[in-house]
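Below are the chains, spelled out letter by letter.
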Amino acid sequence: MAHQAAVTGIEGDLSGAATTRLYRIQLQDEKIVVVQSIPTLASSSSATPNDSSLGTCYSAALAAVEAADADAQRVPCYLLIRTGTTPDDDAWLFVTYVPDGTHPQIKMRYAFSQNTVKKNLLAAFRITDSLFASTWNELTYKGYTEHVALQSVSALSADEKERALLETAVHDVTASIPMGLPGMAAAINGSLRTGSPHSSQSSLNRGSPSASSSSLAFPIDDKLRAAVADDLEIGGSVIAVVANETIVLHSTVAANADLATVIPADVPSYIVTRLDESTDAMTFCCPDTTRVKDRMIGSSARSSVLGFLDSGARRLGKRYEISEVEDLAPLAEMRTDAGIGASTGGDATTIVAAPAFQRPKPPGRPRKTVQ
């Protein structure tokens, strides 16, 4: 670089970009701090993102990070990595690294801060690409080249990926932290405003397709459409999951089968249950063991599932969100929540009696209903 502009809002030394391969940045006590910089290695003058010379420099820089910090793979951070090997090749890669297992509060801090960090860096660096990684392998040189190869066929734009990451971080925090903490509600609501008077935390949690016009549209597989449209017996369920950015049929479960044993234990799923001839219920199950990227995709696809069900011939009577299979509502409870219990035929009204006994609520975090 002939001239490097000053970077504001970030503490630490960001000078010497022409001879630096990597900067490591962390959030510390509400501050954005440069904690490490790795100098570049001398190489040829004709490097591109797929050259072995870049791979050597890139890999050496990550190895230096691990050598300086034994916990590097377990600590979230931002990385600014030079993807050129000469002073004239000033392209940089911005990486948000949040390992699986990071506390939801910390996930949220890094999700909210990444745009601020990137905008501050743009004053002095030509950032040509961005990458989100939840495992160390995803930010290695091999992971980077796979990311470059997928860019041309990726269905998600950079803005959509950042928006999905933010929605996921908010979902994790609101599911595990009381909303009564000082300033929490204000921080979330204020940061998520998109200009629409109807954009709010409540609409985000509900996952309504009409409340989140910016949500990503995932295609619905024909087999899943046919399974939902089929004449399921009352109490029967259809389970759907996301595979290859498409919402597909996982399995169809009979009314008398043990649904809990069929629901996937490590990926988000959508359980459509037939309550009566004209009414369905949908349960979004996102286990606590779900990887960050799968959680992000599952949460983003939820509005597509709801839109598909809302546009069908049957009424969507109730929606639920659970994180444990044991929290799945029994059929009788779903029917009661959806207002099913009385039907009128001619001048007579038939009352369906409530069950004499309902399963007691399990201890711990209560199941969340979203409608």
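Remember, predicted model here, so these are calculated numbers, not experimental data. (Residues numbered from 1 in each chain as written. Predicted model: local features only at pLDDT ≥ 70, side-chain atom pairs only at ≥ 80, totals over all residues. Heavy atoms only, no water.)

Here we come to the overall build of the protein. Check the secondary structure of the protein and you find 10 helices and 13 strands. For the protein, buried positions account for 46% of its 371 residues. Of the contacts formed within the protein by residues at least 6 apart in sequence, a portion of 63% connects residues at least 24 apart. Of the roughly 18100 Å² of accessible surface on the protein, 53% is carried by carbon and sulfur atoms. (Helix = DSSP H or I, 4+ residues; strand = E, 2+ residues; numbered from the N terminus. Buried < 20%, exposed > 50% of the residue type's maximum accessible area, 1.4 Å probe, protein only. Contact = heavy atoms within 4.5 Å. Areas by Shrake-Rupley, 256 points an atom, 1.4 Å probe, with all protein chains shown as cover.)

With that out of the way, let us pick up the sheet that holds strand β2 (residues 31-39). An order of β2-β1-β3-β4-β5 is seen for the five strands of this open sheet, with the pairing classed as mixed. Strands with a single pairing partner mark the edges of an open sheet, and in this sheet they are β2 and β5 (126-133). Sheet twist, expressed as the mean angle between neighbouring strand axes with direction ignored, is 20°. As paired elements, strand β1 (residues 20-28) and strand β3 (residues 77-82) share four bridges and run antiparallel to each other. Bridge pairing links I25 to Y78 in β3. Lying on the sheet, helix α2 (residues 104-121) is in contact with β1, β2, β3, β4 (91-97) and β5; it crosses β3 at an angle near 35°. (Pairing = 2+ DSSP bridges. Axes fitted to C-alpha atoms, helices over the stretch in contact; angles between N-to-C directions.)

Turning to the packing of aromatic side chains, a few remarks are in order. The final tally for this structure, using the stated rule, is 10 aromatic pairs. Ring geometry for Y58 against Y144: centres 5.7 Å apart, planes inclined by 15°, an arrangement best described as stacked. Placement of the pair is Y58 in helix α1 (residues 52-68) and Y144 in helix α4 (residues 141-151), with a sequence separation of 86 residues. A single burial state applies to Y58 and to Y144, both of which are buried. Among the aromatic residues, those joined into a ring-pair cluster are Y23, W92 and F125. (Phe/Tyr/Trp six-rings, centres within 6.5 Å; stacked < 30°, edge-to-face > 60°.)

Here we take up the pattern of salt bridges. Applying the stated rule across the entire model yields 10 salt bridges. Linking R302 and E321 is a salt bridge whose minimum nitrogen-to-oxygen distance equals 2.6 Å. Taken as a pair, R302 in helix α9 (residues 292-310) and E321 in strand β10 (residues 315-322) lie far apart in primary sequence, 19 residues in all. The two residues R302 and E321 agree in class, both being buried. With a shortest N-O distance of 3.3 Å, D310 and R319 are connected by a salt bridge. (Salt bridge = Lys/Arg side-chain N within 4 Å of Asp/Glu carboxyl O.)

This part is about unusual backbone geometry. Even without being glycine, D29 reaches a positive phi, approximately 55°. Relative to the helices and strands, D29 is located in the loop between β1 and β2. A positive phi angle is found at E245, which is not glycine, with a value near 60°. Tracing the backbone shows E245 in the loop between β6 (237-243) and β7 (246-253). Given a relative accessible area of 35%, E245 falls into the partly exposed group.

Moving on to the nonpolar core. Side chains of a nonpolar character, in soluble globular proteins, are inclined to be buried together. Core analysis: the largest hydrophobic core is formed by 26 residues, its most contacted members being Y23, L80, L121 and F125. Taken together, the elements giving at least two residues each to this core come down to β1, β2, β3, β4, α2, β5, α5 (158-176) and α9. For this core, the element with the highest residue contribution is α2, accounting for four residues. (Core = buried A, V, L, I, M, F, W, Y, C linked by side-chain atoms within 4.5 Å.)

Tracing the sequence through the fold places Y23 in strand β1. Taking relative accessible area as the criterion, Y23 reaches 0% and is therefore assigned buried. Separated by 3.0 Å, the side chain of Y23 and the backbone oxygen of S15 make a polar contact. A polar contact of 3.4 Å, which involves the side chain of Y23, links it to the side chain of T20. (Polar contact = N/O pair within 3.5 Å; in protein donor to acceptor, adjacent residues only side chain to side chain.)

The next point concerns the state of the cysteines. Within the structure shown, the criterion is met by zero disulfides. For C286, which is in no disulfide, the shortest distance to another cysteine sulfur is to C285 and amounts to 7.5 Å. Classification of C286 by relative accessible area gives buried; the value is 4%. (Disulfide = S-S within 2.5 Å.)

Attention now moves to the pairing of β6. Most of β6 sits inside the fold, with five of its seven residues counted as buried. For β6 and β7, the ladder comprises seven bridges, and the chain directions are antiparallel. In the strand pairing of β7, I239 is matched with S251. As judged from the four bridges shared by β6 and strand β8 (residues 269-276), these two strands associate in the antiparallel manner. Bridging across to β8, A240 finds its partner in Y270.

The terminal C-alpha atoms of α9 lie 28 Å apart, and with 19 residues this matches the ideal 27 Å at 1.5 Å per residue to within 8%. Its axis deflected by about 30° at A301, α9 carries its strongest bend there. The buried fraction of α9 is high, at 14 of 19 residues. (Expected span 1.5 Å × (residues − 1). Bend = angle between axes of the 7 residues up to and from the residue.)

Checked against the element boundaries, S251 lands in strand β7. Residue classification places S251 among the buried residues on the basis of a relative accessible area of 16%. Here H250 takes part through its side chain, which lies 2.9 Å from a polar atom of the side chain of S251.

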